[in-house]
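# Structure at a glance
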Amino acid sequence: TGAWGTLGTIRPLKSFDIESALDKIAETLETKGNRQTIIDVVTSLNNDQRQQVIQLYNASTNQDLVVKIQKYLSGDLEKTIVGLLKTPASYDAQELQASMKGLGTDEATLSEILCTRSNEQLKEIQEIYRKEYKADLEKDIISDTSEPCTSLLLGLAMGKREKDAGITDYGLINQDCKLLSELGPKNSPNTEQWIKILTERSPSHLRKVFDQYNWTHSVDIEETIKKQFKGDFQKTAITLVSVMRNMPLYFADKLFNATKGLGTDQKTISRILISRSETDLISIRVEYRKKYGKSLYSSIQSELKGELQSCLLFVCRAEDL
């Protein structure tokens, strides 16, 4: 998904000269030069090319490039550049770990990452998480969240979602719609069935189930979730439905919410742009422009300042007129 021709904004640099990229970064770090040079080099390369630069720097200097950059930069710019220098799985593992450490758990970030990554990505994230943090992602989820949201997040983390087969199974659609409609003792929903269907069925199948549910009950599945569930389970399930319906629109909404009101949520903006830059950021930009009547690029221009603004504008890449 990193190759040009997909819907990412960052593509492999065709004129990639590893020695030139390395020299520019090394000289800037050595002379404490213009930090914009580091922004320019890092955002001009795709992740594979960045990893090559890191490996060559580390091998030729016996120093860790990421550690050097962390010392040279600071604040949100440092976090964003380091995020771009990490592999996607390592960055996701970092964000998951950060969402659970310390007092309180950031369920919104947990659900964002777990709801939007593929089975293969989730497996790689689990391996990196174990390696880098000497901890088990599933055990950390269990200790930092509460039921029934814990079981929903674990169901997502296991990466058991079926692939889109391109075949419509009307029997299974009706069966799942019926299971989501069933109520148990005291008119409570069957949470286990909800979790199994939401975490294991393919996106295209779930969209048909949601449509069938609306046709059968004359109400959207989101309204039922709001009515029958509470707290973090409700929020995570709503997130999951939004992602299954239209993932780029989900991210567009999240970016818009990060820029409105008092204070800009720079952390969320950076995380989404970093993680989607080589997959579907162009689609996210299109949905953002369509729904909110302005471009993501202009929103970043108006809400952020300085070097962080410059960095994220490079990742966003272009204005949508």
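Residues numbered from 1 in each chain as written. Predicted model: local features only at pLDDT ≥ 70, side-chain atom pairs only at ≥ 80, totals over all residues. Heavy atoms only, no water.

What follows covers the overall build of the protein chain. Scanning the protein chain for helices and strands turns up 20 helices and zero strands. Scaling as 2.2 N^0.38, a compact globule of 321 residues should have a C-alpha radius of gyration of about 20 Å, and the protein chain matches this with 21 Å. With respect to the three principal axes, the spread of C-alpha positions in the protein chain is 70 × 45 × 40 Å. Each of the 321 residues in the protein chain was classed as buried or not, and the buried ones make up 46%. Considering only residue pairs separated by 6 or more positions, the protein chain has 71% of its internal contacts joining residues 24 or more positions apart. A total accessible area of about 15,900 Å² is found for the protein chain, and carbon and sulfur atoms account for 50% of it. Computed over 43 positive and 45 negative side-chain charges, the separation of the two mean positions in the protein chain equals 2 Å. (Helix = DSSP H or I, 4+ residues; strand = E, 2+ residues; numbered from the N terminus. Rg over C-alpha atoms; globule rule 2.2 N^0.38 Å. Buried < 20%, exposed > 50% of the residue type's maximum accessible area, 1.4 Å probe, protein only. Contact = heavy atoms within 4.5 Å. Areas by Shrake-Rupley, 256 points an atom, 1.4 Å probe, with all protein chains shown as cover. Lys, Arg positive; Asp, Glu negative; His and termini not counted. Charge placed at Lys NZ, Arg CZ, Asp CG, Glu CD.)

The next subject is the side chain of lysine 254. Within the secondary structure, lysine 254 sits in helix α16 (residues 247–259). The exposure class assigned to lysine 254 is buried, which follows from its relative accessible area of 16%.

Within the secondary structure, serine 218 is located in the loop between α13 (203–217) and α14 (221–228). Taking C-alpha positions, serine 218 is 44 Å from threonine 80, a pair spaced 138 residues apart along the chain.

What follows concerns the pattern of salt bridges. Taken as a whole, this structure holds 16 salt bridges when the rule is applied. Lysine 196 serves as the salt-bridge partner of glutamate 200, at 3.0 Å between the closest nitrogen and oxygen. Taken together, the residues glutamate 200 and lysine 196, both in helix α12 (residues 191–200) and four residues apart, mark about one turn of the helix. Given the relative accessible area of 40%, lysine 196 is considered partly exposed. (Salt bridge = Lys/Arg side-chain N within 4 Å of Asp/Glu carboxyl O.)

What follows is about the nonpolar core. Among the nonpolar cores identified, the biggest contains 90 residues, and Ile81, Leu114 and Leu273 are the most heavily contacted of them. Considering each element in turn, this core owes the most residues, seven residues, to helix α15 (residues 231–245). Non-local contacts of leucine 114, meaning those with residues more than four positions away in its chain, are made with Leu96, Leu122, Ile141, Leu153, Leu156 and Ala157. (Core = buried A, V, L, I, M, F, W, Y, C linked by side-chain atoms within 4.5 Å.)

Turning to a negative patch on the surface, a few remarks are in order. A surface patch of like charges, here negative, comprises Asp17, Glu19, Asp23 and Glu27. Counting through the fold element by element, glutamate 19 comes out in helix α1 (residues 18–31). Judged by relative accessible area, glutamate 19 falls into the partly exposed class, the value being 46%. (Patch = residues over 30% accessible without salt bridge, like charges linked within 9 Å, V, L, I, M, F, W, Y side chains within 5 Å.)

With that settled, consider the side chain of threonine 239. Within the element layout of this structure, threonine 239 appears in helix α15. Relative accessible area serves as the criterion here: at 13%, threonine 239 is assigned to the buried category.

This next bit is on the packing of aromatic side chains. In this structure the tally under the stated criterion is seven aromatic pairs. Counting every residue linked through ring pairs, the aromatic cluster contains Trp194, Phe229 and Phe233. (Phe/Tyr/Trp six-rings, centres within 6.5 Å; stacked < 30°, edge-to-face > 60°.)

Each full turn of the α-helix corresponds to 3.6 residues, which orients residues three or four apart in the same direction. Those residues of helix α19 (residues 296–303) that fall on the buried side of the exposure criterion are Leu296, Tyr297, Ser299 and Ile300. Buried residues of α19, viewed axially, fall in a sector of 165°; they line one side. On its buried side, α19 packs onto α16, α17 (266–276), α18 (281–292) and α20 (306–316). (Arc of directions from axis to C-beta.)

For α14, every residue scored as buried is listed here: Ile221, Glu222, Thr224 and Ile225. Buried residues of α14, seen end-on, are gathered within an arc of 160° and therefore sit on one face of the element. If you follow the buried residues of α14, they end up packed against α11 (170–181), α12, α13 and α15.

Let's shift gears to the packing of helix α2 (residues 35–44) against α20. Following both chains from N to C, one finds α2 and α20 inclined at 15°, their axes separated by 10 Å at the closest point. If you check the angle between α2 and α20, you find them roughly parallel. For the crossing formed where α2 meets α20, the hand is right-handed. Contact residues: α2 offers Arg35, Gln36, Ile39, Asp40 and Thr43, while α20 offers Glu307, Ser310, Cys311, Phe314 and Val315. Taken together, the residues of the contact of α2 with α20 sort by class into four nonpolar, three polar and three charged. (Axes fitted to C-alpha atoms, helices over the stretch in contact; angles between N-to-C directions. Parallel < 35°, antiparallel > 145°, perpendicular 65-115°, else oblique. Left-handed = near helix turned anticlockwise from the far one by under 90°. Nonpolar A, V, L, I, M, F, W, Y, C, P; charged D, E, K, R; others polar.)

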